[in-house]
Amino acid sequence: MDNQALAALLFPDITKSIADYEALYPPRDLPDGAVVTRIAPSPTGFVHLGNLYNAIGERLARQTNGVFYLRIEDTDQKREVEGAVEAVIDAMNFYGVKFDEGATVEGETGKYGPYRQRQRKELYQTIAKSLVERGLAYPCFCTEEQLTEMRDEQMANKENIGYYGKYAACRDLTLEQVQEKISAGLPWVLRFRSSGDAEKMIPVQDGIRGELHVQENYTDFVLLKSDGIPTYHFAHVCDDHFMRTTHVIRDESWLATLPIHVQMFDTLGWQRPVYCHTATLMKMDGESKRKLSKRKDPELALSYYRAEGFPPEAVWLYLLTVLNSNFEEWHMANPDANSREFTFSLEKMSSSGALFDLAKLDNIAKDYLSRQSADMVYDGLLAWAKEYDTALAARMEAKADFFRAAISVGRGGDKPRKDYGSWAQAAKFLSFYDSETFVREDECPENVSAEDRKAILTGYLETLNFADTPEEWFAKVKELTEQLGYAVQVKKYKKNPELYKGSIVDVSNLIRVALTGRQNSPDLWEISHVLGEAETRRRIEEYQ
RNA sequence: GGCCCGUUGGUCAAGAGGUUAAGACGACGCCCUUUCACGGCGUAAUCAUGGGUUCAAUUCCCGUACGGGUCACCA
């Protein structure tokens, strides 16, 4: 076979050489140990947790004065969705992830582009052509049906599946045969001619997992699809080489095709990047774990957390506890420090899949929000409401001082309340303050009879004086409690429940339900002052 | 089915050849308390399993089981 002639036949328009691209994309001038990494999503319109998970690379790049960039893997035109690139950028921006170079909404920035793979067709074809010239790649005319047939036969024979050895029908076509098929207009893909041995294991250093042993690739996998666009495997190798990527951080599902990637780097004589395969986030499904699924699990989508209103930093705090086992300890020691001050390390990443724990996220978010100022919470809630709850946004703007006061209750001090971890939770929690949204959700405490309910609320109203100090106010509550045969001290009631109708818990909770509609709320006297005397009296009278 | 990866409490996990096997979340119980919270304390693990190496293994090696992933002209 005349490889030069075949290459010319297959790629008549390619005039550049690999050397041209080496010159175009010179090695980066960066300090020793600088990490160059990226996220490389495909523009399917679905931005998921994994994308953010791998954006941890940004922190690694920052820590080492390296580079973090965005590459768009748009080689599958069928799955592409309009506006998807903007969606990725918007989502990353929301989570504070900044790119040094790569695709942008307007176009792109950086010297190693284009950063959209489809625009790099000529580069891939140049590399492909050189492989053909070296006799390492060949056109394949097999149809989908033929390939399915081959797979079925291999399955039936319990042989390894794939295009290799005697199954590689197009491997040894003559130049004339290729010429004939091409002039007949038959579509073709370009396959790699693998000389790998399935029995051979090759060691690969993984940045997270340590030394890995993978089987050598023996299949003639596809480099270029029939439309001339590369497959993921080929594009990844070419791009990460010419973009001078040092670390490839990606999901562990790529472990299976690692042999292909390693083989490509080696045969092209390029230095392999450090592969870092992250563990997949899992979810409990009945008795067993399984990968988070796009169709079944709304929490896989990044948009879920935004719509729910979890502050971006809180999501990072949670993700970091899962990503780096020593992060949580650091965060407890530095509760108010920004998570970016934490030194992230690949070695501390877990290699087995963690169950995604929404309860823990919730806890972390509550703790985070409890430490924020009332202004921050007001602004955050308002910004969220403008997008997801416009009625609330309107009320907040109309009654800004009132909402700020409500948000301030229980905030500050050594023991701030942890009532909500997301803006959606905050909206719900705060709803009782505003008379427009006030609804009684909880019932009067069980220990309190209808008669006592009336007596307590009437008595409460009679002595109610808005000028009282909190101490004076509560002294009156205690007095009322005692008069009506309830125990002022919970402990006494617990010891001798038969001596009392109930305790101050019941009395307080009755007032609480009257005032807030719930049995769980912040301090009643503070709430009353946010509501004002008229509204306070109105709610209690109404509940008598 | 082949191949790859994994397995410490309900969940996330630290850990080292010899430890009382950290810590966090969740659950439950108790305490504090001027209600609701917050907070404090406490309870719950024969470190998947069989074998080997060793004075000693949960920690090293091999097998088994289980779980997960992957085997496309999708990424």
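Here the structure is a predicted model, which means the values were calculated and not measured.

K.L.:
So what's going on with the overall build of chain A? Which residues, and what values?
P.N.:
Each helix and strand counted, chain A has 24 helices and 15 strands in total. Since a compact globule built from 544 residues should have a radius of gyration of about 24 Å, the 32 Å found for chain A marks it as more spread out than a globular shape. Counting only residues that meet the buried cut, chain A has 34% of its 544 residues in that class. In chain A, once contacts between residues fewer than 6 apart in sequence are set aside, the share between residues at least 24 apart is 75%.

K.L.:
Explain the sheet that holds strand 3 (residues 101-103) to me, using residue names and the numbers behind them.
P.N.:
With mixed pairing, the 4 strands of this open sheet are ordered in space as 1-2-3-4. Each of the sheet's edge strands pairs with one partner strand only, and the pair in question is strand 1 (36-39) and strand 4 (108-109). Summarising the sheet, strand 1 and strand 2 (residues 67-70) pair through 4 bridges and their orientation is parallel. Across the sheet, residue Thr37 finds its bridge partner in strand 2, namely Phe68.

K.L.:
Hey, could you go over unusual backbone geometry for me, with residue numbers and the actual values?
P.N.:
Along the chain, Gly113 connects to Pro114 via a cis peptide bond; the corresponding omega equals 0°. Of note in this structure, Asn65 is not a glycine but carries a positive phi near 55°. Relative to the helices and strands, Asn65 resides in the loop between helix 4 (57-63) and strand 2. At Arg244, a residue that is not glycine, the phi angle is positive and equals roughly 60°. Its location among the elements puts Arg244 in the loop between helix 9 (232-242) and strand 10 (247-251). Judged by the 16 C-beta atoms lying within 10 Å of it, Arg244 falls in the partly exposed class.

K.L.:
Give a description of the protein's contact with RNA strand B that names residues and reports values.
P.N.:
Contacts to RNA strand B come from 64 residues, most closely from Glu73, Ala256, Ser352, Lys415 and Ser508. Looking at the surface near RNA strand B, the elements with two or more residues in it are helix 7 (144-156), strand 8 (210-215), strand 13 (288-291), helix 12 (312-323), helix 14 (358-370), helix 20 (470-483), helix 21 (490-495) and helix 22 (504-516). Counted by class, the surface near RNA strand B contains 21 nonpolar, 23 polar and 20 charged residues.

K.L.:
Describe helix 17 (residues 400-408), and please don't skip the residues or the numbers.
P.N.:
Taken together, the buried positions of helix 17 are occupied by Phe403, Ala406 and Ile407. Across the axial projection of helix 17, the buried residues extend over an arc of 100°, all falling on one side. Looking at the buried residues of helix 17, the elements they touch are helix 15 (374-388), helix 16 (390-398), helix 18 (423-430) and helix 23 (524-531). The first or second residue beyond helix 17 is Gly410, which carries a positive phi of 75°.

K.L.:
Summarise the sheet that holds strand 6 (residues 189-192); cite the residues concerned and give the values.
P.N.:
Pairing is antiparallel across the open sheet formed by 3 strands, whose spatial order is 5-6-9. Strands at the two margins of the open sheet, each flanked by one partner only, are strand 5 (137-140) and strand 9 (222-224). Along the sheet, successive strands turn relative to each other by an average axial angle of 45°, direction set aside. Alignment of strand 6 against strand 9, held across 2 bridges, turns out to be antiparallel. In the strand pairing of strand 9, Leu190 is matched with Leu224.

K.L.:
Account for the packing of helix 15 against helix 18, naming residues and giving values.
P.N.:
When two helices pack together, their arrangement is given by the angle between the helix axes and the distance between those axes. The N-to-C vectors of helix 15 and helix 18 enclose an angle of 100°; their axes lie 10 Å apart at closest approach. Judged by the inter-axis angle, helix 15 sits roughly perpendicular to helix 18. The segment helix 15 lies against helix 18, with Gly380, Leu381, Trp384 and Ala385 engaging Trp423, Ala426 and Ala427. Of the residues that constitute the contact of helix 15 with helix 18, the class distribution is 6 nonpolar, 1 polar and no charged.

K.L.:
Let's hear about the packing of helix 22 against helix 23: which residues, and what values?
P.N.:
The interhelical angle for the contact between helix 22 and helix 23, taken along N-to-C directions, is 25°, at an axis separation of 11 Å. With respect to their mutual orientation, helix 22 and helix 23 come out roughly parallel. As helix 22 runs across helix 23, the sense of the crossing is left-handed. Residues Ile511, Arg512, Leu515 and Thr516 of helix 22 form the contact with helix 23, whose participating residues are Leu524, Ile527 and Ser528. Along the lines of polarity and charge, the residues of the contact of helix 22 with helix 23 split into 4 nonpolar, 2 polar and 1 charged.

K.L.:
So, the domain arrangement of chain A: which residues are in play, and what are the values?
P.N.:
Under the domain assignment used here, chain A contains domain 1 (3-15 + 121-278), domain 2 (31-115), domain 3 (285-370), domain 4 (374-430) and domain 5 (450-543). A straight line from the C-alpha centre of domain 1 to that of domain 4 covers 55 Å.

K.L.:
Hey, could you go over the environment of Val322 for me, with residue numbers and the actual values?
P.N.:
Position of Val322 relative to the elements: it lies in helix 12. Distance from Val322 to Asn447, taken between C-alpha atoms, is 45 Å for residues 125 residues apart in sequence.

K.L.:
Give a description of the pairing of strand 5 that names residues and reports values.
P.N.:
Here strand 5 shows a buried face lined by Ala137 and Pro139 and a second buried face lined by Tyr138 and Cys140. Where strand 5 and strand 6 come together, 4 bridges link them in antiparallel fashion. Each residue of the ladder has a partner; that of Tyr138, found in strand 6, is Arg191.

K.L.:
With reference to specific residues and values, describe the pairing of strand 8.
P.N.:
Relative to strand 8, strand 7 (residues 201-206) runs antiparallel, the two sharing 6 bridges. Counted as the bridge partner of Ile202 is Val214 from strand 8. Taking the residues between adjacent antiparallel strands as the criterion, strand 7 and strand 8 are bridged by 3 residues.

K.L.:
Provide a residue-level description of the nonpolar core, including the pertinent values.
P.N.:
The nonpolar side chains of soluble globular proteins are, as a tendency, buried together. Among the nonpolar cores identified, the biggest contains 87 residues, and Ala314, Tyr318, Leu319, Val507 and Leu510 are the most heavily contacted of them. In contact with Val507, other than residues within four places in its own chain, are Ile456, Val477, Leu480, Thr481 and Tyr486. Grouped together as the second largest cluster of nonpolar side chains are 25 residues, Ala7, Ile127, Val132 and Leu224 included.

K.L.:
So what's going on with helix 12? Residues and values would help.
P.N.:
At 3.6 residues per turn, the α-helix brings residues three or four places apart onto the same side. The first and last C-alpha atoms of helix 12 sit 16 Å apart over 12 residues, in line with the 16 Å expected at 1.5 Å per residue. Taken together, the buried positions of helix 12 are occupied by Ala314, Val315, Trp316, Leu317, Tyr318, Leu319, Leu320, Thr321, Val322 and Leu323. On its buried face, helix 12 sits against helix 3 (49-54), helix 11 (302-308), helix 13 (327-333) and helix 14.

Conventions adopted
- Residues numbered from 1 in each chain as written.
- Chains lettered and ligands numbered in written order.
- Predicted model: local features only at pLDDT ≥ 70, side-chain atom pairs only at ≥ 80, totals over all residues.
- Helix = DSSP H or I, 4+ residues; strand = E, 2+ residues; numbered from the N terminus.
- Rg over C-alpha atoms; globule rule 2.2 N^0.38 Å.
- Buried ≥ 20, exposed ≤ 12 C-beta atoms within 10 Å, placed from the backbone.
- Contact = placed C-beta atoms within 7 Å.
- Pairing = 2+ DSSP bridges.
- Near = placed C-beta within 6 Å.
- Nonpolar A, V, L, I, M, F, W, Y, C, P; charged D, E, K, R; others polar.
- Arc of directions from axis to C-beta.
- Axes fitted to C-alpha atoms, helices over the stretch in contact; angles between N-to-C directions.
- Parallel < 35°, antiparallel > 145°, perpendicular 65-115°, else oblique.
- Left-handed = near helix turned anticlockwise from the far one by under 90°.
- Domains from an automatic or database assignment.
- Core = buried A, V, L, I, M, F, W, Y, C linked by C-beta atoms within 7 Å.
- Expected span 1.5 Å × (residues − 1).

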